[in-house]
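# Structural description and commentary
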Amino acid sequence: MNTRLKSSAIIWTATVLIIATLGIHGAIFLLALIAYFSQLELYQMFEKMGLRPMKQIGLICGSALIFGSYYFGSLEAGENIFLISFLGLILLIARVDVQEGRFKSLLPTLFGFIYIPYLLHFLIKLYHLNILQGNDSSSSIFLGLWVIAIAINTDIGGYIFGKIIGKTKFSIVSPNKTYEGAVGGVLFSVSASIAILLIFPQYAPSQLNPIIAILITVPISLASIASDLIESAFKRQANQKDSSNIIPGVGGVFDLSDSIILTAPLAYLLIKFFVF
């Protein structure tokens, strides 16, 4: 646990320093880094399952999607890059798979591309959406970090409450999770999200009031639990405890990003329709 806490402290300190120094460019760089290694680790798990994703092509498309979503400077840039990459991947990989009479490359490559960089790019769409509402870059970065904080605090709260009062097992793919921990995680994330808004009101979008924040935090928190379970299912299928051993005490980058992946598109939709 001490190693995990140290690694987490180093990661968050580095994250804050990079964003404070480089602003949105630092945030995009970090998101691209997270997406790249999470996608790579997912591809490596697929290989252990007997599949053959074309890692280099999928990773290049994923990186292009993340960087292009911001630097092309529009709300729809990500979708345009996604469609071009998606069609290109199908045409390129399907040719290989059809020649070999199987689909061991096409499906896992496409899934890794869609599930990680495409879903994570909704954090960048959220940035553009907030800018279009007349808010500044600092507010947009804050909004993305607020969404990530909801997912992380759901995990923290679930761990704490699960250890203290957890009794009823939640899922076979993640035996340590309990219903009590899940409920505690949601409540903990709601408290954390409101606390963040009250502590940093100067950064929060003026349209995001505490009542709306509570209402959208709950489904975002639930999505983070589902997202975490999906990664656990992948690891179980690949017969491994962590997605990799790159981070001491934590595991892999996918182990850090897993709870954020489904929360990003859901948060974008909820904020788009209920805040703006």
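The structure contained in this document is the topic of the report that follows. Predicted model only: the values in this text are computed from it and were never measured.

For Asn239, which is not a glycine, the phi torsion comes out positive at approximately 60°. Topologically, Asn239 is positioned in the loop between α9 (210-238) and α10 (253-261). By relative accessible area, which is 72% here, Asn239 ends up exposed.

Turning to the packing of helix α7 (residues 137-165) against helix α8 (residues 179-199), a few remarks are in order. As a packed pair, α7 and α8 sit with axes 6 Å apart at the nearest point and diverge in direction by 140°. Here α7 lies oblique to α8, going by the angle between them. Of the two possible hands of crossing, α7 and α8 adopt the one that is right-handed. Residues Phe142, Trp146, Ala149, Ile150, Asn153, Thr154, Ile156, Gly157, Gly158, Phe161, Gly162 and Ile165 of α7 touch α8, and the partners they reach there are Glu180, Gly181, Gly184, Gly185, Val186, Phe188, Ser189, Ala192, Ser193, Ile196 and Leu197. Of the residues assigned to the contact of α7 with α8, the class counts are 12 nonpolar, 10 polar and one charged.

Looking now at helix α11 (residues 263-274). Residues three or four positions apart in an α-helix share a direction because the helix packs 3.6 residues into each turn. Between the first and last C-alpha of α11 there are 16 Å, a value that for 12 residues agrees with the 16 Å anticipated at 1.5 Å per step. All buried positions along α11 are accounted for by Thr263, Ala264, Pro265, Ala267, Tyr268, Leu270 and Ile271. On its buried side, α11 packs onto α5 (106-120), α6 (122-132), α7, α9 and α10.

What counts and what doesn't
Numbering of residues starts from 1 in every chain and runs along the sequence as written. In keeping with the model being predicted, local features are shown solely for residues with a pLDDT of at least 70 and side-chain atom pairs are shown and tallied solely at 80 or more, while totals for entire chains, interfaces and linings include all residues. To get the side-chain values, take all heavy atoms of the structure and skip hydrogens and water. Put simply, DSSP H or I for four residues or longer makes a helix, DSSP E for two residues or longer makes a strand, and each gets a number counted from the N terminus. Whether a residue is buried, partly exposed or exposed follows from its accessible area with a 1.4 Å probe, protein chains only, as a fraction of its type maximum: under 20%, in between, or over 50%, in that order. Orientation is described by axes fitted as lines to C-alpha atoms, over the contacting stretch for helices, and by angles from 0 to 180 degrees between their N-to-C directions. Convention used here: angles under 35 degrees read as roughly parallel, angles over 145 as roughly antiparallel, angles from 65 to 115 as roughly perpendicular, and any remaining angle as oblique. Whether a crossing is left-handed or right-handed is set by the direction in which the near helix is turned from the far one by less than a right angle, anticlockwise for left-handed and clockwise for right-handed. The contact criterion used is simple: two residues touch if any of their non-hydrogen atoms lie within 4.5 Å. Under the scheme applied, nonpolar residues are Ala, Val, Leu, Ile, Met, Phe, Trp, Tyr, Cys and Pro; charged residues are Asp, Glu, Lys and Arg; polar residues are all the others, including Gly. Here the expected length of a helix is defined as 1.5 Å per residue gap, with one fewer gap than residues.

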